[in-house]
Amino acid sequence: MMRKQTRREMATEAIHAGEAHDISGAHIAPIYQTSTFTFPDMAAVEARAAGESDSYMYSRGGNPGRTALAAKLAALEGGGTEGISAEIFASGMAAITAALMGTAKTGDHIITQQVLYGSADHLISDVLTGFGVSNSRVAGLEPEVLRNELKQHPETTAVYLETPANPTMSVIDIAATAEIAHRAGAKVIVDNTFATPVLQRPLGMGADVVVHSTTKFINGHGTVIGGAVVSSDEVLMADEIASLIRFTGGVPSPFDCWLTNVGLKTLPLRMRQHCANGMDVAGFLEEHPAVAATAYPGLKSHPQHELAGRQMDGFGALIAFDLGSYEAAARFLERLELCSLAVSLGNVDTLIEHPASMTHAVVPPEERAASGITDGLIRISVGLEDAADIISDLDQALGT
Ligand code: LCS
C-alpha cells in the first residue's frame, strides 16, 4: 500500500509550490505586468482595508508573481515545516539591507565573520554605521571568541554570516552560532546564496533569517538581479520585513519574478550537476602544479571539510584558488576561452573572477588581507557545461 506523503520532496516543491493557475487556465501563470489593480466596488476596498481579503491593490505592495516566487522559496527553505514565509526584493543587497535594518536599530550592534561578500561588507562597515548601527568581526565566528564578543557587546541584536563565504569558501557552523547568539538574545541571519536550500537549510539549524541573492543559483540563468528574505519569525516578517519592502520600495518587477520562478523549478536538478562538476574541477585544480592553494569544502584538505559534510547536502560549485600573484592570475584570466571572465555566480555557464579587483575591490586592502583575499586569488563558479570541457579550458589557460 502506498503511504500518504505528508511532506513533498524538494524536486517536487521546486516545480509545484506557489504555482497558481490563472483564471484563463494558463498552465504557467502569466506575468501580471501591471502597476495597479482594480476594485469592483467600495465594499471590496473596505474588505481589504479591514484585512478580510488579501486582494492586490498596487504592485509595490504585492503582485501575484512575487507571491508565487515567495511561496516557492519559503517551501524550499522550510523543508516542509510550517510557518516559514519569504519576501522577494529587487536585489540580494536590498534583501540583506532589509534583514539588517529589521533586526538592528540605532544603538544596536551587529557581529559578523571577517570575510563577507564585498558589498555586504561595505553595507555593514560603512553604510549602517551612518545610522548608528555598529559592528565587529569574529574571524570564523569561533564559539569561544563569539561568546566573548557578545559579552563585550551586550547591545548585539544580530549575528550575520555567510557560509560558504564569498570568496574564500570558509564554512561557519550555523547550529553552534545560533545557540550562542540566542543565549545572548541576538538573531542569526545566514546568507545562503552559495549553498541554496537544496544543499543547506539554515532555518532548520536554528537560524532566524535566511537571505539570498536570487540573482545566482535560484534564478540560475543569469537573467535577473533579485533577492529574498526567508524566516520562521512571524513577528519579524510581519512587523519589519513587510514594512521595509513596502516603505523603502526595493521591489522586483513582475517579469523578474516570473523569470526567477521558472529558473527555480530546476534548482534541485541543477545543483546535483553543479556539485558533481564542482568536485571534478576542484580535484583538477588541487593537483595542478601552477595552483598554490585550492579551497573547496568538498576537498579533504579544506579546514572545515568535516563540518561542511555534516551541515550541507553537497559542496556546491564555487571554488577559490590561488595562483600566487596578480600577474599569474591576470595571465590565466586573459587566456580563458570557454569560461567567462565575469562576476556573479550560480549560472549555467562557468564564470571566473578576480575578487581583489572585482567583487571585493570595495573592501580596503588591509581588510582584504585579513580576510585572505590575496592578489593571486581567483574564484570560479563552475557551470553545467561538460566538466571535461571546463577542465580543458582551465588547463590550457594555466599552461605554459
Ligand atoms: N550575497 C552574496 C553571497 C553574494 O555573492 C552577492 C552578490 C550578494 C549577496 C548580493 O546580491 P545582488 O544584490 O548582487 O543580487 N555577489 C556577487 C558576486 O560574487 N559577484 O557578482 C555579484
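Look up a bit, the structure's there.
Throughout what follows, the structure given in this document is the object of discussion. (Residues numbered from 1 in each chain as written. Predicted model: local features only at pLDDT ≥ 70, side-chain atom pairs only at ≥ 80, totals over all residues. Heavy atoms only, no water.)

What about the overall build of the protein chain?
Part 1: Along its length, the protein chain carries 15 helices and twelve strands.
Part 2: In summary, the protein chain has a C-alpha radius of gyration of 21 Å against a globular reference of 21 Å for 400 residues, a match within 12%.
Part 3: Dimensions of the protein chain, computed from the C-alpha atoms along their principal axes, are close to 75 × 50 × 50 Å.
Part 4: Counting over 400 residues, the protein chain shows a buried share of 52%.
Part 5: On the protein chain, roughly 17,400 Å² of surface is accessible, and the fraction owed to carbon and sulfur atoms is 55%.
Part 6: Both charge centroids of the protein chain, one from 26 positive and one from 47 negative side chains, sit 5 Å from each other. (Helix = DSSP H or I, 4+ residues; strand = E, 2+ residues; numbered from the N terminus. Rg over C-alpha atoms; globule rule 2.2 N^0.38 Å. Buried < 20%, exposed > 50% of the residue type's maximum accessible area, 1.4 Å probe, protein only. Areas by Shrake-Rupley, 256 points an atom, 1.4 Å probe, with all protein chains shown as cover. Lys, Arg positive; Asp, Glu negative; His and termini not counted. Charge placed at Lys NZ, Arg CZ, Asp CG, Glu CD.)

With respect to the sheet that holds strand β4 (residues 156-162)
Part 1: The seven strands are arranged β1-β7-β6-β5-β4-β2-β3 in an open sheet whose pairing can be described as mixed. Only two strands of the sheet have a single neighbouring strand rather than two, namely β1 (85-89) and β3 (134-137). The mean inter-strand angle of the sheet, taken between neighbouring strand axes irrespective of direction, is 20°.
Part 2: Of the strand pairs in this sheet, strand β5 (residues 187-191) and strand β6 (residues 209-213) are connected by three bridges, and their pairing is parallel. Paired with D191 across the bridge in β6 is V211.
Part 3: Relative to β1, helix α3 (residues 64-78) is tilted by about 130°, and along the sheet it contacts β1, β6 and β7 (227-231). (Pairing = 2+ DSSP bridges. Axes fitted to C-alpha atoms, helices over the stretch in contact; angles between N-to-C directions. Contact = heavy atoms within 4.5 Å.)

Some details on the state of the cysteines
Part 1: Taken as a whole and judged by the stated rule, the model has zero disulfides.
Part 2: No disulfide involves C275; its nearest neighbouring cysteine sulfur is the one of C339, lying 18 Å away.
Part 3: On the accessibility criterion, C275 (14% relative accessible area) is buried. (Disulfide = S-S within 2.5 Å.)

Some thoughts on the sheet that holds strand β10 (residues 340-341)
Part 1: Read across the open sheet, the five strands follow the order β8-β9-β12-β11-β10; overall the sheet is mixed. Each edge of the open sheet is held by one strand with a lone partner, namely β8 (293-295) and β10.
Part 2: With three bridges connecting them, β8 and strand β9 (residues 318-322) associate as antiparallel partners. Paired with A293 across the bridge in β9 is D322.
Part 3: Contacts from helix α11 (residues 267-287) reach β8, β9 and β12 (377-381) within the one sheet, and its direction differs from that of β9 by about 10°.
Part 4: Of the strands in this sheet, β9, β10, β11 (351-353) and β12 are in contact with helix α13 (residues 326-335), which crosses β12 at around 30°.

Some details on the site of the ligand
Part 1: Close to the ligand lie 18 residues; D191, S213, T215, K216 and R379 are nearest.
Part 2: R379 places a side-chain nitrogen or oxygen 2.7 Å from an oxygen atom of the ligand.
Part 3: Notes on the ligand: free accessible area 480 Å², of which the protein chains cover 93%.
Part 4: A total of three residues in the shell around the ligand trace back to one element, the largest contributor, which is helix α4 (residues 92-103).
Part 5: In the shell around the ligand, the residues fall into six nonpolar, nine polar and three charged. (Near = heavy atom within 4 Å. Polar contact = N/O pair within 3.5 Å; in protein donor to acceptor, adjacent residues only side chain to side chain. Nonpolar A, V, L, I, M, F, W, Y, C, P; charged D, E, K, R; others polar.)

Structural notes on the nonpolar core
Within soluble globular proteins, side chains that are nonpolar generally end up buried alongside one another.
Part 1: Counting 65 residues, the largest nonpolar core has V281, L285, F332, I352, I380 and L394 as its most contacted members.
Part 2: The biggest single contributor to this core is α11, with seven residues.
Part 3: When neighbours within four sequence positions are excluded, V281 is seen to be in contact with I319, I380, V382, I390, I391 and L394.
Part 4: By size, the runner-up hydrophobic cluster in this structure holds 25 residues, among which are A98, L128, A158 and I189. (Core = buried A, V, L, I, M, F, W, Y, C linked by side-chain atoms within 4.5 Å.)

Notes on the packing of aromatic side chains
Both the distance between ring centres and the angle between the ring planes are used here to describe each pair of aromatic rings.
Part 1: For the coordinates displayed, the defined rule picks out four aromatic pairs.
Part 2: Ring centres 6.4 Å apart and planes at 20° place the aromatic pair F255 and W258 in the stacked group. Of the two residues, F255 and W258 are both situated in helix α10 (residues 254-264); the distance of three residues between them amounts to about one turn of the helix.
Part 3: According to the relative accessible area criterion, W258 is partly exposed, its value standing at 29%.
Part 4: Between the NZ or CZ atom of K216 and the centre of the ring of Y117, over which it lies, the distance is 5.9 Å. (Phe/Tyr/Trp six-rings, centres within 6.5 Å; stacked < 30°, edge-to-face > 60°. Lys NZ or Arg CZ within 6 Å of the ring centre and 35° of its normal.)

Let's talk about the pattern of salt bridges
Close approach of charged atoms allows side chains of opposite charge to pair.
Part 1: Taken as a whole, this structure holds twelve salt bridges when the rule is applied.
Part 2: For K72, the salt bridge goes to E19, with nearest N and O atoms at 2.9 Å. Residue K72 is found in helix α3, and its partner E19 is found in the loop between α1 (10-16) and α2 (42-49); the two are separated by 53 residues along the sequence.
Part 3: Its salt-bridge partner being R66, residue E87 comes within 3.8 Å of it at the nearest N-O pair. In this pair, E87 is assigned in strand β1 and R66 in helix α3, connecting sequence segments 21 residues apart.
Part 4: Its relative accessible area of 4% is what places R66 among the buried residues. (Salt bridge = Lys/Arg side-chain N within 4 Å of Asp/Glu carboxyl O.)

Concerning the pairing of β5
Part 1: Among the five residues of β5, four are classified as buried, and the element is accordingly described as predominantly covered.
Part 2: For β4 and β5, the ladder comprises five bridges, and the chain directions are parallel. Each residue of the ladder has a partner; that of L161, found in β5, is V190.
Part 3: Viewed along the sheet, the connection from β4 through helix α7 (residues 174-183) into β5 turns out right-handed. (Right-handed = clockwise from strand over helix to strand, strands pointing away.)

Without other data, these values stay purely geometric and don't point to any function.
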